[in-house]
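Structure assessment
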Amino acid sequence: AAAMEAQVKHAAKETVSAANAHPVVEWTFQRGTDTLTCQVAEAPRRSFAVALVPHWNVRAAAVESFGEFTSALQRHAKLAKELRESGWTVRTYTAA
């Protein structure tokens, strides 16, 4: 869990604006009473954003930018795996 938190904090330093982004993949995770969303969105100019948003503190959201869709999906998959290994369960998921 600490490694996951460190990665999210690191990602927050690379924050990009996800305004006007169109969600492509969105998974909602839950652990106890905590909920967070891990999302891949298509941003302007064919870039892709991977966002990890804790619902209890949306201001702490971490957003990473990728130039390739496959890279963004790989990052989403890695985050999802780490979340599941840390005791989070998938509550909902959608794909556009």
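Values in this document were obtained by computation on a predicted structure and should not be read as measured data.

**Observations concerning the pairing of strand E1 (residues 22-31)**
Strand direction decides the pairing type here: E1 and strand E2 (residues 34-43), joined by nine bridges, are antiparallel. Its bridge partner lying in E2, arginine 31 is registered against aspartate 34. Here E1 folds back onto E2, and the loop between the two strands holds two residues, one of which, glycine 32, carries a positive phi near 65°. Relative to strand E5 (residues 89-95), E1 runs antiparallel, the two being bridged by six bridges. Across the sheet, residue valine 25 finds its bridge partner in E5, namely alanine 95.

**Concerning the pattern of salt bridges**
In total, this model carries three salt bridges according to the counting rule given. Arginine 46 is the salt-bridge partner of glutamate 42, the closest N and O atoms lying 3.0 Å from each other. Among the residues examined, glutamate 42 registers a relative accessible area of 26% and is labelled partly exposed. Classification of arginine 46 by relative accessible area gives exposed; the value is 56%. Note that glutamate 64 and arginine 75 form a salt bridge whose closest N and O atoms lie 2.8 Å from each other. With a gap of eleven residues between them, glutamate 64 in strand E4 (residues 62-66) and arginine 75 in helix H2 (residues 69-85) connect regions that are remote in the sequence. On the accessibility criterion, glutamate 64 (11% relative accessible area) is buried.

Criteria and thresholds
Residues numbered from 1 in each chain as written. Predicted model: local features only at pLDDT ≥ 70, side-chain atom pairs only at ≥ 80, totals over all residues. Heavy atoms only, no water. Pairing = 2+ DSSP bridges. Helix = DSSP H or I, 4+ residues; strand = E, 2+ residues; numbered from the N terminus. Salt bridge = Lys/Arg side-chain N within 4 Å of Asp/Glu carboxyl O. Buried < 20%, exposed > 50% of the residue type's maximum accessible area, 1.4 Å probe, protein only.

All quantities given are derived from atomic positions and should not be read as evidence of function.
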